[in-house]
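One letter stands for each residue in the lines below.
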Amino acid sequence: MLVYEDKLSGDELCSDSYPSEVTTDGCFLEVQGSWTVKGEVEIDTGANPSAEGGDEGGFDSNEQKVVDIIDAFELVEQGEYGKKDLMSYFKGWIQTIMAKIDEGEQADFKKRVQTGVKKLVGMCKELQVFTGPSMDPDATMVFAYYKDGAAAPTFVYFKDALNEIKC
């Protein structure tokens, strides 16, 4: 299994155990999330609790519906980002991440990242923005959106900002 770690913060952001594809001319790794139920789940066995001498009161369920990727990697949702906010973030982030990109690949990265940034800025009203568990605002952010008709979000990662760690 591969775990994808942010090159800037070291936060684990995703793994290859989720359906994914490389998009936008190699700029993004898009990963499909899904809704899952977490916590104690009440299972109705058809038994009558009062006849069994059990509690007649309701069951206090700790059941929560969560998105698997957000839960597994402890992603922290940030507030809304407008176009200016995203552009400001990307300007600083690109300068910082450039130091982590191999020198021979920097020109290709600049081309790819421009296309990716334009796409994300154009979708800013549809995006949810996340940081990793360290909540480092200068680290690589994760973006999520709902594809047409999708029941769960698709997460967008800058592929060049991730280290692949074999587990």
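The structure we're discussing is the one just above.
Here the structure is a predicted model, which is why all the values come from computation and not from measurement. Residue positions are counted from 1 within each chain, in the order its sequence is given. Whole-chain, interface and lining totals are the exception, using all residues; otherwise, since this is a predicted model, local features are given only for residues with pLDDT of at least 70 and side-chain atom pairs are given and counted only at 80 or more. Side-chain measures here rest on the full set of heavy atoms in the structure, leaving out hydrogens and waters.

1. Things to note about the overall build of the protein
- Strands are runs of DSSP state E lasting at least two residues, helices are runs of H or I lasting at least four, and both sets are numbered from the N terminus onward. Summing up its helical and strand segments, the protein has three helices and 11 strands in all.
- When the helices and strands of the protein are read in sequence order from the N terminus, they spell out β-β-β-β-β-β-α-β-α-α-β-β-β-β.
- In the protein, buried positions account for 37% of the 167 residues.
- Counted over contacts in the protein with a minimum sequence separation of 6, partners at least 24 positions apart contribute 69%.
- For the area figures, the Shrake-Rupley method with a 1.4 Å probe applies, and any residue is considered shielded solely by the protein chains shown. By element, 46% of the accessible surface of the protein is carried by carbon and sulfur atoms, the whole surface being about 9,900 Å². We call a residue buried when its accessible area falls under 20% of the maximum for its residue type, exposed when it is over 50%, and partly exposed in between, using a 1.4 Å probe and counting protein chains only. Contacts are assigned to residue pairs that have any heavy atoms within 4.5 Å of one another.

2. Some thoughts on the packing of aromatic side chains
- Ring pairs are drawn from Phe, Tyr and Trp, using the six-membered ring of Trp, whenever the two centres fall within 6.5 Å, and their geometry is named by plane angle: stacked under 30 degrees, edge-to-face over 60, tilted for the rest. This model, assessed by the stated rule, comprises 10 aromatic pairs.
- Between Phe90 and Phe143, the aromatic rings sit 5.8 Å apart at their centres with planes inclined by 45°, giving tilted as the arrangement. Taken together, the residues span a long stretch of sequence, with Phe90 in helix 2 (residues 83–98) and Phe143 in strand 9 (residues 142–145) at a distance of 53 residues.
- Here Phe90 falls in the buried class, since its relative accessible area comes to 1%.
- Residue Phe143 is classed as buried on the basis of its relative accessible area of 0%.
- Among the aromatic side chains, those forming a connected cluster through ring pairs are Phe28, Tyr89, Phe90, Trp93, Phe109, Phe143 and Phe158.
- The rule is short: NZ of Lys or CZ of Arg within 6 Å of the ring centre and within 35 degrees of the ring normal puts a charge over the ring. Positioned over the ring face of Trp35 is Lys65, at 5.6 Å from the centre of the ring.

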